[in-house]
Number of protein chains: 2
Amino acid sequence: MLCASLTGNNSMRISLIGAGRVATHLAQAFKVKHQIIDIYSRSFDKTEQLAQQVNASACAQIEEMQSDVDLLIIAVSDQSIATVIQELTGHFPNCLIVHTSGSTHLNVLAQYHERVGVFYPLQTFSLERAVDWNATPLFVEAKQHPDLEILQVLAEQFSQRVYCYDSAQRLSLHLAAVFACNFTNYCYDIAKQVVDAEQVDFSLLYPLILETAQKATQNDPMQMQTGPAMRGDQNIMSMHTHMLEHADRQDLSQVYALMSDQILKRHH
Amino acid sequence: MLCASLTGNNSMRISLIGAGRVATHLAQAFKVKHQIIDIYSRSFDKTEQLAQQVNASACAQIEEMQSDVDLLIIAVSDQSIATVIQELTGHFPNCLIVHTSGSTHLNVLAQYHERVGVFYPLQTFSLERAVDWNATPLFVEAKQHPDLEILQVLAEQFSQRVYCYDSAQRLSLHLAAVFACNFTNYCYDIAKQVVDAEQVDFSLLYPLILETAQKATQNDPMQMQTGPAMRGDQNIMSMHTHMLEHADRQDLSQVYALMSDQILKRHH
């Protein structure tokens, strides 16, 4: 459900825990309309680097951070969120604290603090590439309704696609993203290994890769399925399995067999 | 290796066996500079439909086809190629006969006929979508050198990316394409099933799908890998497996486990 639009132009005082890819892109996006106060992360080198980029102070300890900010963003690895929130709450008693994870339930924060929320951008981040924020879906969630309104206003300042989803919906989206992004990338990685072994240029597959992705965003991917498994072509599948095993790539042969078997069952 | 460019503007007389996706797109592309004489396929309805589109005659039997064409294109399913060539050769004794398959060795034709070759477009075809021929890599191969030159000239009339590859290279490219195209599409299909089950809109994943594909065509996909398996995040992986099994989707859980296991091993 798309959130109702709210207005608000007040500049907020924002601090961040984390200095990795998500923290970096968020800090750069927020600093356009807001003030980034403090950055803290496990690596002081990375902290200093990011702090300099966004005119913030680099903190070597949580205790050095200013307590009276409006918003504290936890942009750390998923498995560190529970530890970080426990270290923070005493130092930020009145602050709205959010995490940025697609796969962490709001309850992980809510059991330690009253004013908590989620600010999750659904995108794959690289430090080398700029983010098209306007096209990036942003998911906000909060324990208390006034905090949800604050997060909506913030989110709508840099994306046209802001959604209020509960944790169950967000988690299913993140799981889907693992298939649609991480596993497809691994399929590209395998394809490159296959052609590299025959001194064939991987770039020959670029048009096919891009067209396949385009098609999946314009039609139901199930209807767009092609290939030997879809056609039930056992001869080609046997030949491919033989090629992979002949090259001593039992790992790739396993992926080939499982995916082909499931495509076959889904379409016959 | 890129073929040397040849010139030639003579219109050729071309017939096709097959009236499916590849046959249709090829016939439409060839008819711009050449004459399509006859079409024959197993389904006379489809034969008639395609013949009408390209001003050709629809044949109900191979015997009805004119024997004196310059080029005969076999664009049928891979497993039918061996049968079709045996039915054809007596009727087309002097004609250059090519197949359009990425995964069929030239020998499948060469054992029955002297003038044989391959004309393989590396792209995923849908009847609904136009083909960007200029960006589509075309692979040509022939038993005899003069026939290879004919196929090169033809191919260069509608693509800027024409390659002379032998059967082993073409087969590895086709195997790679199964991973990069068919299996990524199945990953999209799974992603859609996961979000559909929670009434979450699949279109939310479009930016991620397109960005992931773009990244793989601009960098080594291995370097672009992200996600819980890449990070070695066992908590998230356990949670995802639990979600899939709780939803009684052991099939998807199997894909999740195998892909995650291999990504983990490749990056740790």
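Bear in mind the structure is a predicted one, so any value in this text is a computation, not a measurement.

(A) Examining the overall build of chain A more closely. When you go through chain A residue by residue, the secondary structure sums to 11 helices and 8 strands. Overall, chain A is about 70 × 40 × 30 Å in size when its C-alpha atoms are taken along their principal axes. For chain A, the residues scored as buried account for 57% of the 268 residues in total. Within chain A, counting contacts between residues at least 6 apart in sequence, those at least 24 apart form 57% of the total. Only carbon and sulfur atoms are counted for the fraction: they give 47% of the accessible area of chain A, which is about 11100 Å².

(B) Highlighting the pattern of salt bridges. Overall, the coordinates contain 20 salt bridges over all chains when judged by the stated rule. A salt bridge links Asp 78 of chain A to Arg 231 of chain B; the nearest nitrogen and oxygen atoms lie 3.5 Å apart. Taken together, the residues Asp 78 of chain A in the loop between β4 (71-74) and α3 (81-88) and Arg 231 of chain B in helix α9 (residues 228-231) connect one chain to another. What you see here is one network of salt bridges that share partners, running through Asp 78 of chain A together with Arg 231 and Asp 233 of chain B.

(C) Local environment of the relation of the copies chain A and chain B. Of the two same-sequence chains, chain A is brought onto chain B (RMSD 0.1 Å, axial shift 0.0 Å) by a rotation of 180°. Taken together, the rotation and translation describe the operation of a two-fold axis. Every residue of chain A has its C-alpha some distance from the rotation axis, and the shortest such distance is that of Thr 184 of chain A, at 2.4 Å. An overlap of 100% is found between the interface residues of chain A and their copies at the interface of chain B, pointing to a shared contact surface.

(D) Inspection of the pairing of strand β5 (residues 96-99) of chain B at higher detail. All names here are of chain B. Here β5 shows two buried faces, one formed by Leu 96 and Val 98 and the other by Ile 97 and His 99. In the classification by handedness, the crossover that spans strand β4 (residues 71-74), the intervening helix α3 (residues 81-88) and the parallel β5 is right-handed. In this structure, β5 lies alongside strand β6 (residues 116-121), joined through 3 bridges in parallel fashion. The residue of β6 that forms the bridge with Val 98 is Gly 117.

(E) Representation of the domain arrangement of chain A. All names here are of chain A. Each domain of chain A was delimited in the assignment, giving domain 1 (13-165) and domain 2 (172-267). Taken together, the contact between domain 1 and domain 2 spans 7 residues of the former and 4 residues of the latter. The junction of domain 1 with domain 2 conceals about 380 Å² of combined surface from both sides, 82% of it contributed by carbon and sulfur atoms. Seen at the junction of domain 1 and domain 2, the total is 0 salt bridges. Taken together, domain 1 and domain 2 are joined by 0 residue pairs in polar contact (both at pLDDT 80 or more).

(F) Main features of the state of the cysteines. Residues and elements named next belong to chain A. All told, the structure shown has 0 disulfides over all chains when counted by the stated rule. With no disulfide of its own, Cys 59 lies 13 Å from the sulfur of Cys 95, the closest cysteine sulfur. On the basis of relative accessibility, which here comes to 2%, the residue Cys 59 falls in the buried class.

(G) Main features of unusual backbone geometry. Although it is not a glycine, Asp 248 of chain A adopts a positive phi angle of roughly 60°. Locating Asp 248 of chain A in the fold gives a position in the loop between α10 (234-246) and α11 (250-267). On the accessibility criterion, Asp 248 of chain A (57% relative accessible area) is exposed. Of note in the backbone geometry, Gln 199 of chain B takes a positive phi value of approximately 50° without being a glycine. Take Gln 199 of chain B: it is sitting in the loop between α6 (167-196) and α7 (206-216). Assessed through its relative accessible area of 68%, Gln 199 of chain B is described here as exposed.

(H) Quick look at the packing of helix α6 (residues 167-196) of chain A against helix α11 (residues 250-267) of chain B. Between α6 of chain A and α11 of chain B, whose axes approach to 11 Å, the crossing angle comes to 55°. Taken together, α6 of chain A and α11 of chain B sit at an angle that is classed as oblique. For the crossing formed where α6 of chain A meets α11 of chain B, the hand is left-handed. Every residue of α11 of chain B that contacts α6 of chain A at Leu 175, Val 178, Phe 179, Asn 182, Phe 183, Tyr 186, Cys 187, Asp 189 and Gln 193 of chain A is listed here: Leu 252, Val 255, Tyr 256, Met 259, Ser 260, Gln 262, Ile 263 and Arg 266 of chain B.

(I) Just the pairing of strand β7 (residues 138-142) of chain A, in detail. All names here are of chain A. With 5 of its 5 residues buried, β7 lies for the most part within the structure. The alternating pattern of β7 places Leu 138, Val 140 and Ala 142 and Phe 139 and Glu 141 on opposite faces, both of which are buried. Summarising the sheet, strand β6 (residues 116-121) and β7 pair through 5 bridges and their orientation is antiparallel. Note that in β7 the partner of Gly 117 across the bridge is Ala 142. The sheet contact formed by β7 and strand β8 (residues 162-164) spans 3 bridges and is parallel. If you follow Val 140 over to β8, its bridge partner there is Cys 164. For the handedness criterion, the β-α-β arrangement of β7, helix α5 (residues 145-156) and β8 is classed as right-handed.

(J) Highlighting the UniProt feature "domain: Putative oxidoreductase/dehydrogenase Rossmann-like" (unreviewed entry) in chain A. The feature "domain: Putative oxidoreductase/dehydrogenase Rossmann-like" (unreviewed entry), as annotated in UniProt, sits at residues 12-115 of chain A in this numbering. Regarding residues 12-115 of chain A, the helix share stands at 31% and the strand share at 21%, and the terminal C-alpha atoms are separated by 16 Å.

(K) Here's a closer look at the sheet that holds strand β2 (residues 35-40) of chain B. All names here are of chain B. One open sheet accounts for 8 strands, arranged β3-β2-β1-β4-β5-β6-β7-β8; its pairing is mixed. Only two strands of the sheet have a single partner each, and these edge strands are β3 (57-59) and β8 (162-164). Across the sheet, the axes of successive neighbouring strands diverge by a mean angle of 25°, strand direction being ignored. With respect to the sheet, α6 is in contact with β5, β6 and β7 (138-142), its orientation differing from that of β7 by roughly 150°.

(L) Broad picture of the packing of α6 of chain A against α7 of chain B. Direction vectors running N to C along α6 of chain A and α7 of chain B enclose 15°, while the axes themselves pass 9 Å from each other. Here α6 of chain A is positioned roughly parallel relative to α7 of chain B, judged by the angle of their axes. Relative to α7 of chain B, α6 of chain A is oriented so that their crossing is right-handed. Taken together, the residues of α7 of chain B that come into contact with α6 of chain A (itself represented by Ala 177, Ala 180, Cys 181, Thr 184, Asn 185 and Tyr 188 of chain A) are Leu 208, Ile 209, Thr 212, Ala 213 and Ala 216 of chain B. Residue classes in the contact of α6 of chain A with α7 of chain B are distributed as 8 nonpolar, 3 polar and no charged.

Conventions we followed
- Residues numbered from 1 in each chain as written.
- Chains lettered and ligands numbered in written order.
- Predicted model: local features only at pLDDT ≥ 70, side-chain atom pairs only at ≥ 80, totals over all residues.
- Heavy atoms only, no water.
- Helix = DSSP H or I, 4+ residues; strand = E, 2+ residues; numbered from the N terminus.
- Buried < 20%, exposed > 50% of the residue type's maximum accessible area, 1.4 Å probe, protein only.
- Contact = heavy atoms within 4.5 Å.
- Areas by Shrake-Rupley, 256 points an atom, 1.4 Å probe, with all protein chains shown as cover.
- Salt bridge = Lys/Arg side-chain N within 4 Å of Asp/Glu carboxyl O.
- Least-squares fit on C-alpha atoms with pLDDT ≥ 70 in both.
- Right-handed = clockwise from strand over helix to strand, strands pointing away.
- Pairing = 2+ DSSP bridges.
- Domains from an automatic or database assignment.
- Buried area = accessible area lost by both parts, 1.4 Å probe.
- Polar contact = N/O pair within 3.5 Å; in protein donor to acceptor, adjacent residues only side chain to side chain.
- Disulfide = S-S within 2.5 Å.
- Axes fitted to C-alpha atoms, helices over the stretch in contact; angles between N-to-C directions.
- Parallel < 35°, antiparallel > 145°, perpendicular 65-115°, else oblique.
- Left-handed = near helix turned anticlockwise from the far one by under 90°.
- UniProt positions renumbered as here; feature names shortened; annotations may be inferred.
- Nonpolar A, V, L, I, M, F, W, Y, C, P; charged D, E, K, R; others polar.

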